[in-house]
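Now for the letters of each chain:
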Amino acid sequence: MVRQLGELENAIMTRVWRWNRPVTVREVLLDLRSERDIAYTTVMTVLDKLHRKGWLRRERAGRAYRYEPVSSREAYTAALMNDAWATSDNPAAALVHFFGLMSPEQREALRDALRVAALSPSDPAAPDSPESGPDTGETRSGPAR
């Protein structure tokens, strides 16, 4: 059941990103019904759950809500991967198994992503970070003495 719910969340999020505009429960329902028999209340519940999780924002439109994504598909995917990894008792072993499931193309994409991540500062306040500004010798309490 949990896997089915995750698959339904993904199916709904995929539609919301693809349409790239605010959507109603009814629009999502009608599109999902082309693939499976599903109840209006199920779609409404999942959209509400995605809203409470922070993945969708909603705005009242008459008696209904219109939903739109808060962030990108990539950010959503990364958060799902992070959540799954965080549940492991042995994160290093989980990563080894995950890498073993990857195709050669996915491993190359991972290598590229690691190179990009290595170029990006992980802490915006780090001394070498461009966001931290030049070293003027000043601290929050005032100039250095």
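Residues numbered from 1 in each chain as written. Predicted model: local features only at pLDDT ≥ 70, side-chain atom pairs only at ≥ 80, totals over all residues. Heavy atoms only, no water.

**Student:** Even after reading the chapter, I still don't get the nonpolar core, so can you show me in this structure?
**Tutor:** Side chains that are nonpolar tend, in soluble globular proteins, to be buried together. Counting residues in hydrophobic clusters, the biggest one holds 20 residues, and the most contacted among them are Ile12, Leu32, Val43, Leu47 and Leu50. Those elements that place two or more of their residues in this core are helix H1 (2–19), helix H2 (25–32) and helix H3 (40–52). The dominant element in this core, judged by the number of residues it contributes, is H1, at six residues. Ignoring any residue separated from it by four or fewer positions in sequence, one finds Leu50 in contact with Glu9, Ile12, Met13, Trp55, Leu56 and Tyr76. (Core = buried A, V, L, I, M, F, W, Y, C linked by side-chain atoms within 4.5 Å. Buried < 20%, exposed > 50% of the residue type's maximum accessible area, 1.4 Å probe, protein only. Helix = DSSP H or I, 4+ residues; strand = E, 2+ residues; numbered from the N terminus. Contact = heavy atoms within 4.5 Å.)

**Student:** Honestly, H2 in this entry has me stumped. Any pointers?
**Tutor:** Within the sequence span of H2, burial applies to Val25, Val28, Leu29 and Leu32. Taken around the axis of H2, the buried residues stretch over an arc of 100°, which confines them to a single face. (Arc of directions from axis to C-beta.)

**Student:** Help me understand the environment of Arg36, please; the structure alone is not making it clear to me.
**Tutor:** In this fold, Arg36 is placed in the loop between H2 and H3. Of the residues examined, Arg36 reaches a relative accessible area of 32% and is grouped as partly exposed. When residues no more than four places from it in sequence are discounted, the contact partners of Arg36 are Leu8 and Ala11.

**Student:** Help me understand the packing of aromatic side chains, please; the structure alone is not making it clear to me.
**Tutor:** What describes a pair of aromatic rings is the distance from one ring centre to the other and the angle between the planes of the rings. Scanning the entire structure with this criterion turns up four aromatic pairs. Ring plane angle 65° and centroid distance 5.2 Å describe the contact between Trp17 and Tyr76, whose orientation is recorded as edge-to-face. Note that Trp17 is positioned in helix H1 and Tyr76 in helix H4 (residues 73–86), a separation of 59 residues in sequence. Each member of the pair Trp17 and Tyr76 is classed as buried. Judged by centre distance (6.2 Å) and plane angle (50°), the rings of Phe98 and Phe99 are tilted. Overall, the relative accessible area of 34% leaves Phe98 in the partly exposed class. What makes Phe99 partly exposed here is its relative accessible area of 31%. An aromatic cluster of at least three residues, connected via ring pairs, comprises Trp17, Trp55 and Tyr76. It is Arg58 that lies over the ring of Tyr65; its NZ or CZ is 4.1 Å from the centre. Geometry around Tyr65 places Arg60 over its ring, the cationic atom sitting 4.5 Å from the centre. (Phe/Tyr/Trp six-rings, centres within 6.5 Å; stacked < 30°, edge-to-face > 60°. Lys NZ or Arg CZ within 6 Å of the ring centre and 35° of its normal.)

**Student:** Is there a simple way to think about the pairing of strand E2 (residues 64–69) in this case?
**Tutor:** Taken residue by residue, a regular strand's side chains alternate between the two faces of the sheet. In the sheet, strand E1 (residues 56–61) pairs with E2 via six bridges, with the strands oriented antiparallel. Across the sheet, Glu59 pairs through a bridge with Arg66, a residue of E2. Connecting the antiparallel pair E1 and E2 is a turn made up of two residues, with Gly62 showing a positive phi of about 70°. (Pairing = 2+ DSSP bridges.)

**Student:** Looking at this structure, how should I read the environment of Ala11?
**Tutor:** Within the secondary structure, Ala11 is located in helix H1. For the pair Ala11 and Val28, spaced 17 residues apart in sequence, the C-alpha separation works out to 9.6 Å. Sequence-distant contacts of Ala11, that is, excluding residues within four places in its chain, are made with Leu32 and Arg36.

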